[in-house]
Each structure stands twice: as C-alpha cells, then as structure tokens.
Amino acid sequence: MRIGLIAGPWIPVPPAGYGGIERVVDSLARGFTAAGHEVLLAVPSDSECPVPRVSGMRISQPAALGHTLSELSHVIRAYRGMQGVDVIHDHTLAGPLYPHRPSSVPVVTTIHGPLTPPAVDVYRAIGKNASIIAISRDQVRHAPEVPVARVIHHGLDLSAVPAGAGRGGYVCFVGRMCPDKGVTEAIAIARKAGFPLRIAAKMHELEELRYFREVVEPLLGPNEEFMGEIGDAEKYALMGGAFAFLNPIQWSEPFGLVMIEALATGTPVVGTPIGSAPEVVEHGSTGYLASLADLPALLPRAAALSRAACRASVQERFSSDRMVAEHLDLFAQILEQRSPLGDSGPRTVHENQIQDSLTPGA
C-alpha cells in the first residue's frame, strides 16, 4: 500500500520530549515502511522521522498548540501533498472534515482525546466520510453513538526502551503538569507510604505553569525531587530506576502511553482504575489499581512484582509490531470494501469484528 500519514503542526515527529501522538505517528511510519509499504508523511518541517515527507510544510509551532488557524493551515498543505496514495491516516481533528481532500482516497482517523459532547459532534460528522479508530475500549464506551471501525491500542518499540533494575529506592511520576494527571495525589501517596518521589512533567502552557506555581510547587518538600521535562533517555532511566510508577489519574484518559513506557522498563504501575488503566495494567501482576485511599498501602507491594512480567506484557500486548499490523489489516479491509466507483464514504468493519475488539483482552 501507499499510505499517507498526517500529524499535527505543533510538535516534530518524533518528539524530543512530550508528544504522545507524535510518538505514535513515528512508530507507525517506521513500522509501515519496515513492513514493505510506501509512506508519505505530512508533519512539521523540522521532523526527523526517516520516511519521505510532504514538502512545503511549516516548522513546528509549539506556542500555537491547539490553535485552530495553525491546524487548518497545516491540514491544507498536508492534503495538497497527498498525491498518489491509496489511503490516508490523519491524526488531526480538522483534516477529516477538510472538503478539498482527494475524493477517491479513503481517510482513516484516530481519536486521541476524550469523547466529550463537543468531540462527539465532531466525530459523528467525521464518521460520515471517514473510518474512525479508537485507542481504548473505555474511550468507546463514553460515546457509543460514534461509528468506530476498530479499537487499536497504542504500541511501543521495546528495542528503544532499556529495562531497568528498579533499585533506585524511589517511585516516580511522569506526565503533564495539570490536575487530571494526579501529580498532587502522587505526592500525597508517596509521602504517606514513606518513599521518595521523583517528578518529571511537561510544563509549556500558561495553565500548566500557573498550576505548578500556585498548587504543586508549594507542596514540594524534601521527599520530592522535581526534574521538569526530560528527554526519552532520561525518562527511561528515571522509570527504570524506580520500583513503582505512580499514575493516580483523575480523569478518563483514553490511553496512557506513559503506562506502557513504564512497564517496558520493567516498572510496575500503581494508580487509579480510571479510563484505559484497567486495559493496560493487570492488577496484582504488572501493578495495582485502587482508590486513592488504598494506594499508599499497595505501593510497597509493587516492589515484589516481577519486572520481567511487566516488560513481557508490553511485548505480548502493546508492541509496535502489533499496533502496526492491526492498522495495516484495517487499511487493507477498507481498500477491499471500496466501491467500484471509488466512493470515499465511511469504512466500517463488520459488527462482530467491532465487538471482538471491545471484549476484555482483545
């Protein structure tokens, strides 16, 4: 297949630091290429993913993160360059609604955010002319009216993540600096359990800076070490040295890529059973999921869990190879179901296949 891939305008692919969507797009681009397919990537011009790219794209614009005008301009340029592809996998929000995209080329999009009521309106409209991928079963349950073609969990290339021994004597937290991620809860849990906590967090936007200065920074004491935002090598070393990764999220996160990164280093995840967490963490085997009140008592028990089992769970359930293969299978099915007239209407899989993808363990 000739596959067009579109990421957003704000962060290079792959990202130097924070950037879960961009990390996934990078893995897909490399994986599709390794599987023998042709890839054309529309990303910011300062990206370094080693596949052919659409020319004329602008440099990444982190300061404009989430701005509509920035995304629309990027989408127009991206689709202008998507010539001669068989299928387009668009990771932007605006792109699948762009009316001037190639009419004969099917478009697939992935829902990376929560299906809030406004998002449901958008994706119901997108579903009329594109196929939709969800990233967790929990995400789908929040909006069963959105026409999801398939649930495909994110994946990770284990060869890029070194295993750690977990002998640093600390627990760690990695995430965005916002209330939803549970950084203040992590501080409270670690303190009550009596373990040092190391915190690494993305903190670019004004709201993130304000939350840190007004809420989190005043809480920090001798038990906590704040490391700011760190790159991949430092992040994996931090995770690998911890005996547990704290993930007390306070929202229904569609998929926590950071959880499989921690598990890949061999570090068990201890957190709340919210959002996709129960689809990732096997309670009592690769971590513990419980209420905030119960987590301090469970935290020391994580040190006794098998680090080899944590890493193996990523290889078995969340590898980049699995993620790539499931995308390619969906793309092939969409192309097989195209009408002879080249209709670019919505592509959905059979109902039994959707149900299979929603069953626990699928």
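Attention here is on the structure that accompanies the text. (Residues numbered from 1 in each chain as written. Predicted model: local features only at pLDDT ≥ 70, side-chain atom pairs only at ≥ 80, totals over all residues. Heavy atoms only, no water.)

## Some details on the overall build of the protein chain
Inference 1: Scanning the protein chain from terminus to terminus reveals 13 helices and 12 strands.
Inference 2: Taken against the 2.2 N^0.38 rule, which gives 21 Å for 362 residues, the C-alpha radius of gyration of the protein chain at 20 Å falls within 12% of a compact globule.
Inference 3: Out of the 362 residues in the protein chain, the part that is buried amounts to 56%.
Inference 4: Residue pairs at least 24 apart in sequence account for 66% of intrachain contacts in the protein chain once pairs closer than 6 positions are excluded.
Inference 5: Surface summary for the protein chain: the accessible area is close to 15,100 Å², and the carbon and sulfur share equals 54%. (Helix = DSSP H or I, 4+ residues; strand = E, 2+ residues; numbered from the N terminus. Rg over C-alpha atoms; globule rule 2.2 N^0.38 Å. Buried < 20%, exposed > 50% of the residue type's maximum accessible area, 1.4 Å probe, protein only. Contact = heavy atoms within 4.5 Å. Areas by Shrake-Rupley, 256 points an atom, 1.4 Å probe, with all protein chains shown as cover.)

## Let's talk about the sheet that holds strand E5 (residues 131–134)
Inference 1: Judged by pairing direction, the sheet is parallel, and its 6 strands sit side by side in the order E2-E1-E3-E4-E5-E6 without closing on themselves. Taken across any chain shown, the strands that pair with only one partner, and hence form the sheet edges, are strand E2 (38–42) and strand E6 (148–151). Each strand axis lies, on average, 25° off the axis of its neighbour in the sheet, ignoring direction.
Inference 2: Contacts from helix H2 (residues 68–80) reach strand E1 (2–6), E2, strand E3 (87–90) and strand E4 (107–110), with the element oriented near 170° to E1.
Inference 3: Helix-sheet contacts for helix H12 (residues 320–336) involve E1, E3, E4, E5 and E6, and the interaxial angle to E6 is about 155°. (Pairing = 2+ DSSP bridges. Axes fitted to C-alpha atoms, helices over the stretch in contact; angles between N-to-C directions.)

## Some remarks on the packing of helix H5 (residues 183–193) against helix H6 (residues 206–216)
Relative orientation and spacing of two packed helices are given, respectively, by the angle between their axes and the distance between those axes.
Inference 1: Between H5 and H6, the shortest axis-to-axis distance is 11 Å and the interhelical angle comes to 35°. The handedness of the crossing between H5 and H6 is right-handed. Residues Val183, Thr184 and Ile187 of H5 form the contact with H6, whose own contacting residues are Tyr211, Val215 and Val216.
Inference 2: Looking at the contact of H5 with H6, its residues break down into 5 nonpolar, 1 polar and no charged. (Left-handed = near helix turned anticlockwise from the far one by under 90°. Nonpolar A, V, L, I, M, F, W, Y, C, P; charged D, E, K, R; others polar.)

## Brief notes about the packing of helix H7 (residues 232–241) against helix H8 (residues 257–264)
Inference 1: One can describe the packing of H7 onto H8 by two numbers: an axis separation of 8 Å at closest approach and a directional angle of 65°. Handedness of the H7/H8 crossing: right-handed. Note on element contacts: H8 touches H7 through Val258, Glu261 and Ala262, opposite Lys235, Tyr236 and Met239.
Inference 2: In the contact of H7 with H8, the residues fall into 4 nonpolar, no polar and 2 charged.

## Overview of the packing of aromatic side chains
In this description, a pair of aromatic rings is defined by centroid distance and the angle of the planes.
Inference 1: Scanning the entire structure with this criterion turns up 5 aromatic pairs.
Inference 2: Ring centres of Phe32 and Phe331 lie 5.7 Å apart, and the angle between their planes is 65°; this geometry places the pair in the edge-to-face category. Here the residue Phe32 occupies a position in helix H1 (residues 20–34), and Phe331 occupies one in helix H12, the gap between them amounting to 299 residues. For the pair Phe32 and Phe331, one class covers both residues: buried.
Inference 3: For the ring pair Tyr79 and Tyr98, a centre distance of 5.9 Å and an interplane angle of 35° mean the geometry is tilted. With Tyr79 in helix H2 and Tyr98 in the loop between E3 and E4, this pair connects stretches of sequence that are 19 residues apart. Across the pair, exposure class does not vary: Tyr79 and Tyr98 are buried alike.
Inference 4: The ring of Tyr170 has Arg198 lying over it, and the distance from NZ or CZ to the ring centre is 3.9 Å. (Phe/Tyr/Trp six-rings, centres within 6.5 Å; stacked < 30°, edge-to-face > 60°. Lys NZ or Arg CZ within 6 Å of the ring centre and 35° of its normal.)

## What to know about unusual backbone geometry
Inference 1: For the peptide bond that leads from Val13 to Pro14, omega is -5°, which places it in the cis range.
Inference 2: With respect to the helices, strands and loops of the structure, Pro14 is situated in the loop between E1 and H1.

## A word on the pattern of salt bridges
Between side chains of opposite charge, pairing is possible as soon as their charged atoms come close.
Inference 1: In the structure shown here, the tally under the stated rule is 15 salt bridges.
Inference 2: Residues Glu261 and Lys235 are paired through a salt bridge, measuring 3.0 Å at the closest nitrogen-oxygen approach. One end of the pair, Glu261, is in helix H8; the other, Lys235, is in helix H7, with 26 residues separating them in the sequence.
Inference 3: Salt-bridge contacts for Glu282 lead to Arg317; the nearest nitrogen and oxygen are separated by 3.7 Å. Residue Glu282 is found in the loop between helix H9 (277–280) and strand E12 (287–289), and its partner Arg317 is found in helix H11 (residues 307–317); the two are separated by 35 residues along the sequence.
Inference 4: In this structure Glu282 comes out as partly exposed when scored by relative accessible area, which is 33%.
Inference 5: Arg317 gets classed as partly exposed once you look at its relative accessible area, which sits at 27%.
Inference 6: In the salt-bridge network here, residues are joined through shared partners; they are Arg23, Asp232, Lys235 and Glu261. (Salt bridge = Lys/Arg side-chain N within 4 Å of Asp/Glu carboxyl O.)

## Examining the side chain of Gln139
Inference 1: Of note, Gln139 is situated in helix H4 (residues 137–141).
Inference 2: Taking the relative accessible area as the measure of exposure, Gln139 reaches 2% and is therefore buried.
Inference 3: There is a polar contact of 2.9 Å between the side chain of Gln139 and the backbone oxygen of Gly113.
Inference 4: Those residues in contact with Gln139, other than ones at most four positions away along the chain, are Ile111, His112, Gly113, Leu115, Ala134 and Pro254. (Polar contact = N/O pair within 3.5 Å; in protein donor to acceptor, adjacent residues only side chain to side chain.)

## Re the pairing of strand E10 (residues 244–247)
Inference 1: In E10, alternate side chains face the same way, and those of Ala244 and Leu246 on one face and Phe245 and Asn247 on the other are all buried.
Inference 2: Where strand E7 (residues 171–176) meets E10, 2 bridges bridge the pair, whose relative direction is parallel. Residue Val171 lies in a different strand from E10, and its bridge partner there is Ala244.
Inference 3: As paired strands, E10 and strand E11 (residues 269–271) are joined by 3 bridges and run parallel to one another.

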